[in-house]
Amino acid sequence: MKKASLLDKQVEIVKKGLNDTDDLMCLSLPYFHTELSVMFLETRVKRVEFEKQVLDHLKPETKIADVKAKIAKTEWAQTKDLSYIITRIAEGYGAVIIEGEDKALLFDVSQTPERDVEEPVNEQVIRGSHAGFVESLDTNLNLLRVVIKNPDLTVKFYKIGERTGTKVAIVYINGLAKEELLTELADRITSIKADAVNAPSFTEEFIEDEAFTPFPQFLNTERIDRVTGNLLEGRVAVMSDGSPTALICPTTFWAFYQSPDDYNSRWMMGTSFRLLRLLSFLISVSLPALYISIVSFHFEVIPEGMTLMIKESIDQIPYPPLIEAFIMEITIELIREAGIRLPSPVGQTIGIVGGLVIGDAVVNAGFVSNVMIIVVAITAIASFVVPNNEMSMSVRVLRFPLMLAAAAFGLIGIVFGLTLILIHMCGLRSFGTPYLSPLAPLSFSELKDSVIRGPLWKMNTRPFGSQALDKTRQGK
């Protein structure tokens with residue numbers, strides 16, 4: 001029986017390290033007076049690229065150093081550290097191990113399916129860029145560098161998830177991003193000890209300042225222009241391979257109600273629409289609670305001409321306004337979820353037909369009053385105005401405890417509930433930045449690009465909440 005060579009033993013170790021997976025290809029080729037082995041996962045490697053870039057250069061009389069010079073994205077690895085070689089093969093690399101050599105050649109011709117760059121479905125705008133991120137981290141970083149052609153744009157890579165090995169990038173502009181912020185963010189990311197970190201939402205939950213809050217502390221977006229705008233203000237983006245979503249920090253409450261359309265239109269229009277969105281926050285959180293409190297406790301505040309009409313509407317309803325509101329709010333949430341989960345054409349049909357049929361049926365059956373249908377419809381529309389889905393979900397959750405407070409204590413309960421929410425928001429921080437900055441703590445000069453959208457020629461300084469090192473951005 002032929003004695004197993006060192007190369008055979010190394011190949012066996014690599015096979016065992018990859019659990020003898022069936023998609024591991026091992027090719028033995030002659031090399032001078034000995035032989036070499038080429039190993040790669042056929043499900044991760046582009047076969048055409050592999051044959052053109054690797055096999056065509058691996059001639060029996062060609063030095064491996066010359067082969068390395070002809071193949072893009074290669075590196076040397078010590079054969080005594082076969083665990084590193086196994087990890088790289090799992091990531092999509094190929095390995096060339098030569099009999100008797102202490103170095104192996106690793107080459108990257110991996111294949112990653114990609115979709116076309118297109119506008120994010122949940123962040124559409126009327127004017128401006130219509131390009132969004134995709135699932136490839138390299139492509140997303142390329143899209144950022146196309147917009148920010150500056151050598152100070154810096155990327156730091158990390159691996160998180162002990163079993164998934166997810167590649168995460170911290171992206172910032174050197175000289176703008178605060179060093180303490182970068183250090184703190186890197187420390188939090190590297191401290192993640194979990195088997196799987198499959199999406200940015202996983203990363204967000206591990207590294208956010210306050211876990212027990214309904215409010216998001218990272219601004220998540222799939223828009224390239226939104227990420228570049230925040231990077232130029234001194235903020236930092238966290239991006240993951242396999243996801244089109246970028247996380248931006250530090251952030252404030254007002255950032256969730258800002259849209260690229262604010263800056264793509266004239267400043268007076270941008271301010272008007274931003275204030276309208278902020279008004280929608282109050283409407284979507286408090287309108288059902290306000291209706292419950294007025295009908296249950298404060299009927300005297302209804303205008304005289306409307307009193308009889310509202311009284312006739314609710315007189316035949318067999319249960320209190322709280323139950324009435326809960327029935328309709330839960331129904332709206334069910335229709336919304338059904339519309340999301342079903343295929344697009346069917347989902348739209350369910351949303352429209354379901355809303356019309358159910359609304360008309362419950363009123364005719366005497367389960368819900370006409371006024372409640374109006375209140376719930378306005379509340380639902382107001383919650384759709386929020387440009388960010390995470391904040392929209394927070395708003396939808398907050399209205400339920402306020403409804404309970406209104407049913408128990410009337411307007412006093414609403415005031416008490418809103419006060420608790422405000423106190424909670426004042427105590428929140430996003431990497432040291434107050435959540436309600438610049439309103440709490442108050443800074444009049446900072447209001448021009450938070451609560452309102454001031455003229456661009458007046459925005460000479462970067463926002464305080466971004467923690468940028470260079471505060472001046474124009475007019476130097």
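Residues numbered from 1 in each chain as written. Predicted model: local features only at pLDDT ≥ 70, side-chain atom pairs only at ≥ 80, totals over all residues. Heavy atoms only, no water.

## Side note on the overall build of the protein
Each helix and strand in the protein was counted, giving 16 helices and 12 strands. Computed over the C-alpha atoms, the radius of gyration of the protein is 29 Å, more than 25% above the 23 Å expected from 2.2 N^0.38 for a compact globule of 476 residues. C-alpha atoms of the protein, sized along the principal axes, occupy 105 × 60 × 35 Å. In the protein, buried positions account for 47% of the 476 residues. If you take every contact in the protein between residues at least 6 apart in sequence, the share linking residues at least 24 apart comes to 64%. (Helix = DSSP H or I, 4+ residues; strand = E, 2+ residues; numbered from the N terminus. Rg over C-alpha atoms; globule rule 2.2 N^0.38 Å. Buried < 20%, exposed > 50% of the residue type's maximum accessible area, 1.4 Å probe, protein only. Contact = heavy atoms within 4.5 Å.)

## Thoughts on the nonpolar core
The biggest cluster of nonpolar side chains holds 61 residues, and the ones touching the most others in it are Leu-144, Val-171, Leu-231, Phe-253, Tyr-257 and Met-391. Among the elements that make up this core, the one with the highest residue count is helix α10 (residues 267-296) (eight residues). Each residue touching Leu-144, except ones within four places of it in the same chain, is listed here: Phe-133, Leu-153, Val-171, Ile-224, Val-227, Thr-228, Leu-231 and Met-239. Membership of the second largest hydrophobic core comes to 20 residues, among which are Leu-181, Leu-185, Ala-186 and Cys-249. (Core = buried A, V, L, I, M, F, W, Y, C linked by side-chain atoms within 4.5 Å.)

## As for helix α5 (residues 137-147)
For α5, the complete set of buried residues consists of Leu-137, Thr-139, Asn-140, Leu-141, Leu-143 and Leu-144. In this fold, the buried residues of α5 make contact with β6 (153-160), β7 (166-173), α8 (224-231) and β9 (236-240).

## With respect to the pattern of salt bridges
Under the counting rule described, the total for this entry stands at 22 salt bridges. Between Asp-262 and Arg-277 there is a salt bridge, with its nearest N and O atoms 2.8 Å apart. One end of the pair, Asp-262, is in helix α9 (residues 260-264); the other, Arg-277, is in helix α10, and 15 residues separate them in sequence. One exposure class covers both Asp-262 and Arg-277, and it is buried. Note that Glu-333 is salt-bridged to Arg-396, the shortest N-O span being 2.8 Å. A residue pair is termed long-range when its members are at least 10 positions apart, and Glu-333 in helix α12 (residues 321-341) and Arg-396 in helix α15 (residues 389-409) qualify at 63 residues. (Salt bridge = Lys/Arg side-chain N within 4 Å of Asp/Glu carboxyl O.)

## Looking at the pairing of strand β10 (residues 246-249)
Of the two faces of β10, both are covered, the one formed by Ala-246 and Ile-248 as well as the one formed by Leu-247 and Cys-249. In this sheet, β10 lies alongside strand β8 (residues 219-221) in antiparallel orientation, the contact comprising three bridges. Among the inter-strand pairings, Leu-219 is bridged to a residue of β10, identified as Ile-248. Examined bridge by bridge, β9 and β10 share four bridges and lie antiparallel to one another. Residue Val-238 lies in a different strand from β10, and its bridge partner there is Leu-247. Taken together, β9 and the strand that follows it, β10, pair antiparallel across an intervening segment of five residues, in which Gly-242 is found at a positive phi of about 95 degrees. (Pairing = 2+ DSSP bridges.)

## Remarks on the sheet that holds strand β2 (residues 34-41)
Read across the sheet, five strands follow the order β1-β2-β4-β5-β3 without closing on themselves; strand pairing throughout is antiparallel. Only two strands of the sheet have a single neighbouring strand rather than two, namely β1 (24-31) and β3 (74-78). Going across the sheet, the axis of each strand differs from the next one's by a mean of 25 degrees, ignoring polarity. Two strands pair when backbone bridges link them, and β2 and strand β4 (residues 93-98) are joined in this way by four bridges, in the antiparallel orientation. The residue of β4 that forms the bridge with Ser-37 is Ile-97. Here helix α4 (residues 82-90) sits on the sheet and contacts β1, β2, β3, β4 and β5 (103-108); the angle it forms with β3, its principal contact strand, is near 150 degrees. (Axes fitted to C-alpha atoms, helices over the stretch in contact; angles between N-to-C directions.)

## Let's talk about the environment of Leu-428
Mapping Leu-428 onto the fold places it in the loop between α16 (411-427) and β11 (429-430). In this structure, the C-alpha to C-alpha distance between Leu-428 and Val-386, residues 42 residues apart in sequence, is 20 Å.

## Things to note about unusual backbone geometry
Each neighbour pair has its own omega, and for Cys-249 with Pro-250 the value is -10 degrees, a cis peptide bond. Checked against the element boundaries, Pro-250 lands in the loop between β10 and α9. Cis geometry marks the peptide bond from Ser-437 to Pro-438, where omega comes out at 10 degrees. Counting through the fold element by element, Pro-438 comes out in the segment after β12 (433-434). One non-glycine residue, Phe-431, adopts positive backbone phi at about 50 degrees. The residue Phe-431 is located in the loop between β11 and β12 in this model. The exposure class of Phe-431 is buried, given its relative accessible area of 7%. Here Gln-467, not a glycine, exhibits a phi torsion of approximately 60 degrees, which is positive. Topologically, Gln-467 is positioned in the segment after β12.

## Side note on the side chain of Ser-286
The residue Ser-286 is located in helix α10 in this model. A relative accessible area of 17% places Ser-286 in the buried class. In this structure the side chain of Ser-286 is engaged in a polar contact, spanning 2.4 Å, whose partner is the backbone oxygen of Leu-282. (Polar contact = N/O pair within 3.5 Å; in protein donor to acceptor, adjacent residues only side chain to side chain.)

So, to be careful, I would describe these as geometric facts and stop short of saying anything about function.
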